[in-house]
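Each chain is listed here by its residues.
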Amino acid sequence: MKNIIILIIIAFSTAGIFSINGCVASKKVAAKSGVQLWSENCIRCHNTPSPNTYSPEQWETIGMHMQTRALLTNDERDKIVAFLQQN
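Residues numbered from 1 in each chain as written. Predicted model: local features only at pLDDT ≥ 70, side-chain atom pairs only at ≥ 80, totals over all residues. Heavy atoms only, no water.

Draft legend 1. Structural view of the nonpolar core. Among the nonpolar cores identified, the biggest contains 9 residues, and these are Leu37, Trp38, Cys42, Trp59, Ala70, Leu72, Ile80, Phe83 and Leu84. When residues of this core are traced back to their parent elements, those giving at least two are α2 (34–41), α3 (56–70) and α4 (74–86). A total of 3 residues in this core trace back to one element, the largest contributor, which is α4. For Leu84, the residues in contact, after removing those within four places along its chain, are Trp38, Pro51 and Trp59. (Core = buried A, V, L, I, M, F, W, Y, C linked by side-chain atoms within 4.5 Å. Buried < 20%, exposed > 50% of the residue type's maximum accessible area, 1.4 Å probe, protein only. Helix = DSSP H or I, 4+ residues; strand = E, 2+ residues; numbered from the N terminus. Contact = heavy atoms within 4.5 Å.)

Right under this line is the structure:
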């Protein structure tokens, strides 16, 4: 019984550490601008087109498509699309 309690304590401690690290990473991403996220994420796989290449509506559609391909969060996608739409 004592071993089970120790394992439970270790499991909860480990989960707590991972959740704290996840929050730190999330804050770092939240602090990034759309242009930073665009340059870090999009160029990994292909040459990025000029923001003037597509209309704001097209960027919205492209953003939805690329979110799933690049594993972006909604916030990251929104920031990238907003940057691309303003140019």
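Draft legend 2. Fine view of the pattern of salt bridges. Under the counting rule described, the total for this entry stands at 2 salt bridges. Lys32 is the partner of Glu40 in a salt bridge, and the nearest nitrogen-oxygen pair spans 2.7 Å. Glu40 sits in the partly exposed class, given a relative accessible area of 36%. A salt bridge links Arg77 to Asp78; the nearest nitrogen and oxygen atoms lie 2.8 Å apart. Owing to a relative accessible area of 10%, Arg77 belongs among the buried residues under this scheme. Owing to a relative accessible area of 40%, Asp78 belongs among the partly exposed residues under this scheme. (Salt bridge = Lys/Arg side-chain N within 4 Å of Asp/Glu carboxyl O.)

Draft legend 3. Just α3, in detail. Its 15 residues give α3 an end-to-end C-alpha distance of 20 Å, which sits within 8% of 21 Å, the value for a rise of 1.5 Å per residue. For α3, every residue scored as buried is listed here: Trp59, Gly63, Gln67 and Ala70. Those residues of α3 hidden inside the fold are in contact with α4. Taken from the residues just after α3, Leu71 is the one with a positive phi, measuring 55 degrees. (Expected span 1.5 Å × (residues − 1).)

Draft legend 4. Molecular detail of the side chain of Glu76. Looking at where Glu76 falls in the secondary structure, it is placed in helix α4. No salt bridge is formed by the buried Glu76, whose closest oppositely charged neighbour, Lys32, lies at an N-O distance of 7.3 Å. Here the side chain of Glu76 touches Thr73 through a polar contact of 2.7 Å, landing on its backbone nitrogen. The contact partners of Glu76, leaving out residues within four places of it in the chain, are Val29, Leu37 and Leu71. (Lys, Arg positive; Asp, Glu negative; His and termini not counted. Polar contact = N/O pair within 3.5 Å; in protein donor to acceptor, adjacent residues only side chain to side chain.)

Draft legend 5. Highlighting the side chain of Arg77. Note on placement: Arg77 falls in helix α4. Apart from residues lying up to four places away in sequence, Arg77 is in contact with Gly63, Met64, Gln67 and Leu72.

Draft legend 6. Quick look at the packing of aromatic side chains. If you walk through the whole model with that rule in mind, you get 2 aromatic pairs. With 5.2 Å between their ring centres and 50 degrees between their planes, Trp38 and Phe83 make a pair best called tilted. With a gap of 45 residues between them, Trp38 in helix α2 and Phe83 in helix α4 connect regions that are remote in the sequence. Each member of the pair, Trp38 together with Phe83, is buried. (Phe/Tyr/Trp six-rings, centres within 6.5 Å; stacked < 30°, edge-to-face > 60°.)

By themselves, these are just geometric observations and shouldn't be taken as functional.
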